[in-house]
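Geometric and topological summary
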Amino acid sequence: MTEERPRRLAILGGRPAFPEPLVVGRPALGDRRALLRAIDRALGRRWLSNSGPAVRALEGRLASHLGVAHVVAVSSGTQALQLAARALDLSGEVILPSFTYVASAHALAWLGLRPVFCDVLPRAHTIDPARVGPLVTARTSAILGVHLWGTPCDTRGLERVAARHSLRLLFDAAHAFGCSHQGRMIGAFGNAETFSFHATKHFTTVEGGAVATDDGDVAARVRAFRRFGIDGRGQVSGPGTNATMSEICAEIGLAGLGRLGIIESGNRRRHQLYATRLAGLRGVRVLAFQENERQNCQFAVLETTQKAALTRDELLAALMADGVAARDYFAPGCHRLPPYRGRRHAALPVTERLSQTVLCLPTGPAVGLHEVRTVCDIIRSALGQADAVRLAVRARAGGTPSTTARGS
Ligand SMILES: *Cc1c(COP(=O)(O)O)cnc(C)c1O
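Points about unusual backbone geometry
Cis rather than trans, the peptide bond between Tyr 329 and Phe 330 has omega equal to -10°. Locating Phe 330 in the fold gives a position in the loop between β13 (324-325) and α11 (349-357). With an omega dihedral of 5°, the bond running from Pro 338 to Pro 339 counts as a cis peptide bond. Within the secondary structure, Pro 339 is located in the loop between β13 and α11.

This is the structure we're talking about:
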């Protein structure tokens, strides 16, 4: 082992620690030959779409993995949300957190539903059930909870509010594949839950998603909607769209299922290393996950606190200069994005604060433990030289490399 000399921060004129940027959410496709064999299997069958054997096998495997009666595979997480919303007959207004990826809100708005933004819990970052009630109107049809970072929503609290106001309860579980809650896998809570299998997600089919539900009617409706309204008897039973998952995507998913345990334990090690190395560092805190539940640890979430010598944005600029493409998920909150930003919203103080203090650090199978240590060193060093870093960030203002689109 060679002892490394302290590195000079790139923002202060040093050479970047990562000349090739270290990104959040680099796809982890694993053994490429296994993948090509899987694709070859699909090609060999000459059955490439329309719920072939691979899609059906994937749905079966996912249903047993999640302990839920029905899983319907679709072409994206967005389609999963939209088809589930249609299958549950949602109308009017749907209450959801603003602190989420914009797709949660857009999926509803695209259907003509009105997203009504609710604040989140300060520690868990998930929708605050106590803030839902005051937002309910005669037009509200549902609550859409988001298990942000794989942290489960307060499902009991939300079930109570939903029951009190006769609302449907839907969960966007795009971050929560492989996570458990109260000893059950996420996927079977509420009326339905939706997953994204996009290339940047924990489990991927490149593009894809699924609706999970214990309700056979909802599952049957989603199945029909995903393919032009064609029902189980092969008849057009009503309106529908095309949101089928291809056989190639399903094969990629099947090939990846077996590796999830390894990815999860690697993520956990990276997360623990971040937590240990940054523990006691004044002004930052790593979001902890519940130890007694399964967690995919897909996100390593850092929060700057009031005691931090640098703002989140200053710290991010220092990291970016060193080639650490950390992300300011989710800034701004959805309520500040078009088309929602012109509308009246309830006060969302926690969302406003989190969108200025949260930072997602690089993790996932493409990130080594040594790289995690380097990222921690950069954070420690930046906070230790806060005044110099702040001046350098200001001097660069305007020329700071901005974060790019989703890293896939
Ligand atoms: C990724 C994501 C989506 C959208 O999934 P796609 O498969 O990209 O359509 C929805 N909600 C959240 C919270 C996400 O992170």
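Now that the structure has been shown, the text picks up again.
Digging into the side chain of His 202
Relative to the helices and strands, His 202 is located in the loop between β9 (192-196) and β10 (209-213). Overall, His 202 belongs to the buried group, its relative accessible area being 9%. Setting aside its immediate chain neighbours within four residues, His 202 contacts Phe 177, Leu 260, Ile 263, Glu 264, Asn 267, Asn 296 and Gln 298.

Quick notes on the site of the ligand
In the region of the ligand, 15 residues are neighbours, and Gly 77, Thr 78, Asp 172, Ser 196 and Lys 201 sit closest. Measuring from an oxygen atom of the ligand, one finds a side-chain N or O atom of Ser 196 at 2.7 Å. With respect to the ligand, the side chain of Lys 201 contributes an N or O atom lying 3.2 Å from an oxygen atom. Elements represented by at least two residues in the shell around the ligand include exactly α3 (77-87) and α4 (102-110). Taken together, the residues that form the shell around the ligand break down as three nonpolar, nine polar and three charged.

Topic: the domain arrangement of the chain
Looking at the chain, the domain boundaries give domain 1 (32-257) and domain 2 (260-397). The C-alpha-based centres of domain 1 and domain 2 are spaced at 27 Å. Contacts between the two partners involve 40 residues from domain 1 and, on the opposite side, 37 residues from domain 2. The contact between domain 1 and domain 2 buries some 3100 Å² in all, and 60% of this surface belongs to carbon and sulfur atoms. For the pair domain 1 and domain 2, the number of links is zero salt bridges. Counting the contacts that link domain 1 with domain 2 gives 16 residue pairs in polar contact (both at pLDDT 80 or more). Residue composition of the side of domain 1 that touches domain 2, by class: 20 nonpolar, 16 polar and four charged.

Re the pairing of β10
Among the five residues in β10, five count as buried, and that is most of the element. Pairing between β9 and β10: four bridges, direction antiparallel. By the bridge assignment, Phe 195 is partnered in β10 with Ala 210.

Describing the environment of Pro 97
Structurally, Pro 97 is set in strand β3 (residues 93-97). On the accessibility criterion, Pro 97 (1% relative accessible area) is buried. When the C-alpha atoms of Pro 97 and Arg 259 are compared, they prove to be 32 Å apart, with 162 residues separating the residues in sequence. What Pro 97 contacts, discounting residues up to four positions off in sequence, is Phe 117, Cys 118, Val 120, Ile 127, Leu 144 and Val 146.

Some points on the side chain of Glu 264
Its location among the elements puts Glu 264 in helix α9 (residues 260-278). A relative accessible area of 10% places Glu 264 in the buried class. Residues contacting Glu 264, with those up to four places away along its chain left out, are Gly 178, His 202, Arg 294, Gln 295 and Asn 296.

Notes on empty space enclosed by the protein
A water-sized probe rolled over the atoms picks out the places where empty space is left. In this structure the tally under the stated criterion is one cavity of 30 Å³ or more. Quantified by volume, the largest cavity comes out at close to 330 Å³. Taken together, 23 residues form the lining of the largest cavity, with Gly 25, Thr 200, Lys 201, Gln 298 and Phe 299 sitting closest to its centre. When residues of the lining of the largest cavity are sorted by domain, at least three fall in each of domain 1 (32-257) and domain 2 (260-397).

Calculation rules
- By convention here, each chain's residues receive numbers from 1 onward along its written sequence.
- Totals for whole chains, interfaces and linings use all residues, but because this is a predicted model, local features are given only for residues with pLDDT of at least 70 and pairs of side-chain atoms are given and counted only at 80 or more.
- Only heavy atoms go into the side-chain values, all of them from the structure, while hydrogens and water stay out.
- Secondary structure elements are taken from DSSP: a helix is a run of H or I of four residues or more, a strand is a run of E of two residues or more, and numbering for both begins at the N terminus.
- Buried residues are those whose accessible area, probed at 1.4 Å on protein chains only, stays under 20% of the maximum for their type, while exposed residues exceed 50% and partly exposed ones sit between those limits.
- The contact criterion used throughout is that any non-hydrogen atoms of two residues lie within 4.5 Å.
- Here a residue is considered near a molecule or strand provided that any single heavy atom belonging to it is located within 4 Å of it.
- Polar contact criterion, stated in full: a pair of N or O atoms within 3.5 Å, where within protein one must be able to donate a hydrogen and the other to accept it, and residues adjacent in sequence count only if both atoms are side-chain atoms.
- Asp, Glu, Lys and Arg are counted as charged, while Ala, Val, Leu, Ile, Met, Phe, Trp, Tyr, Cys and Pro are counted as nonpolar; the rest, among them Gly, fall into the polar class.
- For the domain bounds, the source is a domain assignment made automatically or taken from a database.
- The buried area of a pairing is the accessible area, by a 1.4 Å probe, that goes missing from both parts when the two are put together, added over both.
- Whenever a carboxyl oxygen of Asp or Glu lies within 4 Å of a side-chain nitrogen of Lys or Arg, that contact is scored as a salt bridge.
- Pairing between two strands requires that DSSP report at least two bridges joining them.
- In this analysis a 1.4 Å probe is tested at points of a 1 Å grid over the protein atoms alone, and where it fits but cannot get out there is a cavity; an open set with protein on both sides within 12 Å along at least five of seven lines is a pocket; lining residues have an atom within 4 Å of a point.
- Grid points are joined across faces, edges and corners, and a volume is the space filled by probe spheres set on the points.

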